[in-house]
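# Chains, contacts and geometry: an overview
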Amino acid sequence: MLGEHRHHLAAFRCATTGQPFTLEVEQEIRSDLAGALERGIVHALGSWDGDRLGAVIAFSAAPGTAWWRVHLLATDHAYRRRKQALRLKYAVLSKARDAGADAVISRVHRDNHPMLALNRRLGGWCASTATDADGDAGDDDEFLACAIPLRGAT
């Protein structure tokens, strides 16, 4: 369980210069993830290279719904372009499908092109979550909701 690996989480490096949203994810992994795991708020999987954490995904089943949520998915700088994030996302999709979920959703920064592409590659669609005062879709939200349907998926 990743909660037992607090020191690995504290050393995780995924922030990218010029992309402040990646620093927020890195800080969440380093300071909040172990506690959330210990309290049972989320579950997580890691991709390991010996005793080094190469990538991490945190997820949960949304209570009272037929979908699961990915709270974060990140790859350490030293392990990028090795498809570790893709393998972890596949693993969560498989777990969710086996549990009877209809979809897996994520909240992805609109400038996180690799993560948007990963969701689309897995059959997902991404849309703005912003609305204006009239309830119409807005275009100023920094994040997109990405959903990967599981019904009929193999």
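Before going into details, it helps to say that this report is about the structure given with it. (Residues numbered from 1 in each chain as written. Predicted model: local features only at pLDDT ≥ 70, side-chain atom pairs only at ≥ 80, totals over all residues. Heavy atoms only, no water.)

### Examining unusual backbone geometry
Here is the rule: By the criteria applied, helices consist of DSSP H or I runs no shorter than four residues and strands consist of E runs no shorter than two, each listed in order from the N terminus.
Here Arg81, not a glycine, exhibits a phi torsion of approximately 65°, which is positive. Note that Arg81 resides in the loop between strand 3 (67-75) and helix 4 (84-98). In this structure, Lys83 takes a positive phi of about 65° despite not being glycine. Inspection of the secondary structure puts Lys83 in the loop between strand 3 and helix 4.

### A word on the pattern of salt bridges
For clarity, the threshold we go by: Any Lys or Arg side-chain nitrogen found within 4 Å of a carboxyl oxygen on Asp or Glu counts as a salt bridge. A 1.4 Å probe rolled over the protein chains alone gives each residue an accessible area, and that area as a share of the maximum for its type sets the label: buried under 20%, exposed over 50%, partly exposed in between.
All chains considered together, the criterion is met by three salt bridges. Between Arg52 and Asp76 there is a salt bridge; the shortest N-O distance is 3.0 Å. Pair noted here: Arg52 is in strand 2 (residues 52-61) and Asp76 is in the loop between strand 3 and helix 4, with a separation of 24 residues, a long-range link. Overall, the relative accessible area of 35% leaves Arg52 in the partly exposed class.

### Examining the sheet that holds strand 4 (residues 103-109)
How we decide: Any two strands with at least two DSSP bridges between them are considered paired. Axis geometry follows a simple rule: fit a line to the C-alpha atoms, using only the stretch in contact for helices, then measure angles between N-to-C directions, giving values from 0 to 180 degrees. Contact definition: two residues touch when any of their heavy atoms are within 4.5 Å.
Spatially, 1-2-3-4-6-5 is the arrangement adopted by the six strands of the open sheet, whose pairing is mixed. Strands at the two margins of the open sheet, each flanked by one partner only, are strand 1 (43-49) and strand 5 (125-128). Each strand axis lies, on average, 25° off the axis of its neighbour in the sheet, ignoring direction. Looking at chain direction, strand 1 and strand 2 are connected through seven bridges and run antiparallel. Bridge pairing in strand 2 places Trp48 opposite Leu53. Sitting on the sheet, helix 5 (residues 113-121) is in contact with strand 3, strand 4, strand 5 and strand 6 (143-149), with an inclination near 160° to strand 4.

### Topic: the environment of Leu88
If you trace the backbone, Leu88 turns up in helix 4. The class for Leu88 is buried, based on a relative accessible area of 7%. Separated by 44 residues in the primary sequence, Leu88 and Ala44 place their C-alpha atoms 9.5 Å from one another.

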